[in-house]
Amino acid sequence: MQCCDQETPGSDKLVVQPNKSALLKRLARIEGQVRGISGMIDGDRYCVDVLTQIAAVKSALDAVSLQLLENHMKGCVAQALRAGDATGVVTELIDVVKKVR
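Heads up: these notes are all about the structure in this document. The structure displayed is predicted, hence computed values, not measured ones. (Residues numbered from 1 in each chain as written. Predicted model: local features only at pLDDT ≥ 70, side-chain atom pairs only at ≥ 80, totals over all residues. Heavy atoms only, no water.)

Points about a nonpolar patch on the surface
A surface patch of nonpolar side chains, about 250 Å² in accessible area, is lined by Leu24, Leu27 and Leu61. Looking at the element boundaries, leucine 61 is found in helix H2 (residues 47-82). (Patch = residues over 30% accessible without salt bridge, like charges linked within 9 Å, V, L, I, M, F, W, Y side chains within 5 Å. Areas by Shrake-Rupley, 256 points an atom, 1.4 Å probe, with all protein chains shown as cover. Salt bridge = Lys/Arg side-chain N within 4 Å of Asp/Glu carboxyl O. Helix = DSSP H or I, 4+ residues; strand = E, 2+ residues; numbered from the N terminus.)

Structural notes on the pattern of salt bridges
In total, this model carries 3 salt bridges according to the counting rule given. For glutamate 31, the salt bridge is made with arginine 35, and the minimal N-O distance between the two is 3.3 Å. Taken together, the residues span about one helical turn, with glutamate 31 and arginine 35 both in helix H1 (residues 20-42) at a distance of 4 residues. With a closest N to O distance of 3.9 Å, arginine 45 and aspartate 49 form a salt bridge.

This is how it looks when you write it as structure tokens:
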């Protein structure tokens, strides 16, 4: 599995996701759902129906976040732990979990 700490000149950390195409497909579906919500509001749809779709989008984004977190833990975190950088990687992991919860 690729690791997140592969830096290139002039940019932040990079990683090639092991299931990149699946993640992109999921995000494209989410993008379509968000456009659908916009259409629902434009079409004066019932509030509860719109809120239900918003909840579905939030759930779908949470699933993508969990997949990325799993990838990060199996790749980047595991490699950092093997390299002896437990303090830095654990601090970063705690910070990211606080953001995505």
